Amino acid sequence: MRKFLLSFIFYFLLFSISQAQKPTKPSSSEIFESVQKLNFLGSVLYIAAHPDDENTRLIAYMANQIKARTAYLSLTRGDGGQNLIGPEIRELLGVIRTQELLAARRIDGGEQLFTRANDFGFSKDPDETLNIWDKKKVLSDIVLAIRTFKPDIIINRFDHRTPGTTHGHHTSSAMLSYEAFDLAADKKAFPESIQKAGIWKPKRLFFNTNSWFYRNQEEFDKANKDNRISFDIGTYYPLKGMSNNEIAALASSQHLCQGFGRLAQRGTQHEYVEFLKGDALTSNNIFEGIDTSWNRVKGGKAIGNILYEVERNFNFKDPSVHIPELLEAYKLIQAIDDLHWKTQKTKELTAIIEMSAGLYLEAVANSPSSTLNQSVKITIETLNRSSQNIVLESITQGDGKTVLKELELKNNDSKSFETAYAIGSKEPYTSPYWLNKKGTLGMYEVENRDYIGKPETPRNVVVNFNLRINNIPFSISKPVVYRYSKPDKGELYRPFEVIPEVSAKISEKVIIFNNDKQRDITVIVKAGRDNLEGFVSVNHPKDWHVFPEKQKVSIAHKGEDQQLTFTVIPPKNQSEGYINPIVHVNDSEYTKELIEISYEHIPFQTVLLPSESKIVRLNIKKKGENIGYIAGAGDVVPESLQQIGYQVKTIKLEDISAESLNQFDAVVVGIRAYNTLENIEFKQQILFDFVAKGGNMIVQYNTSRGLKTNNLAPYKLKLSNDRVTDENAEVRFLNGNHPLLNYPNKITQQDFEGWTQERGLYFPSEWGSEFTPILSMNDLNEPAKDGSLLVAKHGKGYYIYTGLSFFREFPEGVSGAYRLFANMLSIGKEDLKPNTKLNN
């Protein structure tokens, strides 16, 4: 029992330390709303598969109208999606989408949870999904979330009864939730989480149904409504000056990397939930039969008597007048037996007392980062903006140091002082915990099991403010942050990070050798501290050679880098493998790359990943030299084509003209360009004319919805949702003699080995007779799809449309993808001499 109590307290202690780096500055209205939520003892858990699957309208309604503690459990972090705002994909995209979810929850009032499931890409079937995921582990994580969060109500985003009709991850999330609903109360199921959180029986399970899950609105309206209840999620909140659906729009608009920025809506709108199992309902009250008052807990009546009075007579002009009553309730809460509500309501009430007193407690580092065994200067600011008697008894740091003893905090009298914070030798580096150890295609490996389910790595560099308010002991923890300013931005914050003393990376993630000539590579070494001395070596496959064997590194100042040149000699024959730099400092070796992710809508992120680059000795030929590239949603195609010897120039949309295109042998259009570039339709005829004069135009995939023009090609071309998700699916040649499969590289089945995540997506389903389909493929038990690679002669040149996922294959160094793309660029160029320009 004691082990269970300690584990439970540890979980909530870590969770309670705020992860948002910028301090909140709540108004009286926000404090009052916090009191309202404090007086509601009920909770809702919303479950789906990915970031952006969640219904922010319903989450916002539960959190702000009903006042329930509400959380979203996303089974994955969305690594398998696309990125509309930058180059990050896979694990780094998952980091961005995690932070976008947290940003959304800060707006809609919810909390965020995860499982260890990895988003491996689109799946058409839950059987495939649960085969790639470790079903037992994901199910155990859902059960853990239920037992820890203890929801009264669970709402599934998707229908567990309709496998094969939507993304396999979607259906799987509902199927696992349906199963976990009962398992969470089973004393024999997943005993490890019972030790951590006990068992829990939710009251009801619902499916968040709507017309999307039917063929049309009429069919939805005709469906049986006996088990369905509805909510007007357009309700208006005068204290916020916004309606629920406006809040929801702001929340969902945080998913910027997925293009979810949207207009707000106002007025009455309805959301529906369908009862699945649990205690049946006889009314439209989702919490029917659940006591959500303070009477829910033993000893709660006296607490409620105090806090309901605070709510009824709340002083919006001076919330601090309620602090004596709030402190009395605080003392009573410490005496209740229910550990779950004791922990949760202590956390909420602590925040309310802090807000009501206008307490400003902050610990700011003089640098955004530090390394192990270093000391960082900290400026601590304390301010009491109330007439309450508040004494700062001591300040203790996470390193065990006590900074201050006994300081009276007078009304509006700011006190600041400096101290040193020692970063110990065993302090963990700041990096997403789920990426610390290599996982599988379907699952993350999490070494610290106390972290399972958490949205991000808990901050360990903290300062504890030990207070006495009206003679009642009271502690508040704050993570150390970095505060700075920019002339064009004003005051800014970012998290304080613990980083290695040195990191290294090779400037190119994929290095292609199209012959056996040696090539120089650049290793970039970055110092995490001053006066760094050591040497660098490069680990490599046996049939490759790298010289020199090692080079000295000497960097005077933290944050600076040193570039070292190594020469790589490839083997005579085709080969591939990985090289990784190793930095030797004293007796330690460092093999990780420090990646920084910086976007304005999410906190600054540092990620440590193994530093490695793929090297490929590739037998490849090409024709043409100069390639124009029109950027879409973001990919590394330009850099990849440069790897095989092309000169690539990115063209801005406004610079496209007949004259500007004349310098190119081919123009490549980036992924989703026709979904993201507003005025691209006005450049189409210029591009088609370029093809007619002898140029080649290659258009990569676009989604079938949200096209900026229907005039994608010079001939009939209609996109669909067709895709082949099995990256190992058989590829059949429809026209084996076509130049795309023969010149200048002979394409064979071997060129389709080693592909990653998928074959391709959003293939055209209809096209004009001018097009020739080149490849045929399909997922298991599905009809053949022939639209992955289409080519049409147009005048003297060629127009090519492809849904093949080159944007995923190039970063992974897939040889066959490079060879096929070289053929696409080279078609019709048999007699083209280097530097030859197109005729006007």
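Here, every reference points to the structure presented above.
Below: a short report on this structure.

Some points on the overall build of the protein
Looking only at helices and strands, the protein has 19 helices and 43 strands in total. Since a compact globule built from 840 residues should have a radius of gyration of about 28 Å, the 30 Å found for the protein is in line with a globular shape. Dimensions of the protein, computed from C-alpha atoms along their principal axes, come out at roughly 90 × 75 × 50 Å. A total of 840 residues make up the protein; the buried ones form 58% of that total. Sequence separation of at least 24 residues holds for 74% of the intrachain contacts in the protein that already meet a minimum separation of 6. As presented, the protein carries roughly 35200 Å² of accessible surface, and 47% of it is formed by carbon and sulfur atoms. Mean positive and mean negative side-chain charge positions of the protein (101 and 102 charges, respectively) differ by 1 Å.

A few points about the environment of Ser173
Relative to the helices and strands, Ser173 resides in helix α7 (residues 168–183). Taking the relative accessible area as the measure of exposure, Ser173 reaches 1% and is therefore buried. Each C-alpha atom, one on Ser173 and one on Thr343, is 29 Å from the other, the two residues being 170 residues apart in sequence. Excluding anything up to four places from it in sequence, Ser173 contacts Ile47, Ala48, Ala49, Leu75 and Phe158.

So, the environment of Glu727
Within the secondary structure, Glu727 sits in the loop between β37 (717–724) and β38 (731–733). Overall, Glu727 belongs to the buried group, its relative accessible area being 17%. Between the C-alpha atom of Glu727 and that of Ser320, which follows or precedes it by 407 residues, the distance is 61 Å.

Here's the deal with helix α17 (residues 684–692)
Residues of α17 that are buried include every one of Gln684, Leu687, Phe688, Phe690 and Val691, and no others. Buried residues in α17, looked at end-on, bunch into an arc of 150°, giving them a common side.

Considering the packing of aromatic side chains
To describe a pair of aromatic rings, you give the distance between the ring centres and the angle between the ring planes. The full count for this structure, using the stated rule, is 24 aromatic pairs. Measuring from centroid to centroid gives 6.0 Å for Phe771 and Tyr799, while their planes differ by 70°, and the two rings are edge-to-face. Taken as a pair, Phe771 in strand β40 (residues 771–773) and Tyr799 in strand β43 (residues 797–802) lie far apart in primary sequence, 28 residues in all. The pair formed by Phe771 and Tyr799 is uniform in burial state, with each residue classed as buried. Members of the aromatic cluster, joined through ring pairs, are Phe733, Phe752, Trp755, Phe806, Phe810, Tyr818 and Phe821. The residue whose ring lies beneath Lys277 is Tyr178, and the NZ or CZ to ring-centre distance is 3.7 Å. Across the ring face of Phe122, the terminal group of Arg723 is positioned such that the distance to the ring centre comes to 4.0 Å.

Rules behind the numbers
- Residues numbered from 1 in each chain as written.
- Predicted model: local features only at pLDDT ≥ 70, side-chain atom pairs only at ≥ 80, totals over all residues.
- Heavy atoms only, no water.
- Helix = DSSP H or I, 4+ residues; strand = E, 2+ residues; numbered from the N terminus.
- Rg over C-alpha atoms; globule rule 2.2 N^0.38 Å.
- Buried < 20%, exposed > 50% of the residue type's maximum accessible area, 1.4 Å probe, protein only.
- Contact = heavy atoms within 4.5 Å.
- Areas by Shrake-Rupley, 256 points an atom, 1.4 Å probe, with all protein chains shown as cover.
- Lys, Arg positive; Asp, Glu negative; His and termini not counted.
- Charge placed at Lys NZ, Arg CZ, Asp CG, Glu CD.
- Arc of directions from axis to C-beta.
- Phe/Tyr/Trp six-rings, centres within 6.5 Å; stacked < 30°, edge-to-face > 60°.
- Lys NZ or Arg CZ within 6 Å of the ring centre and 35° of its normal.

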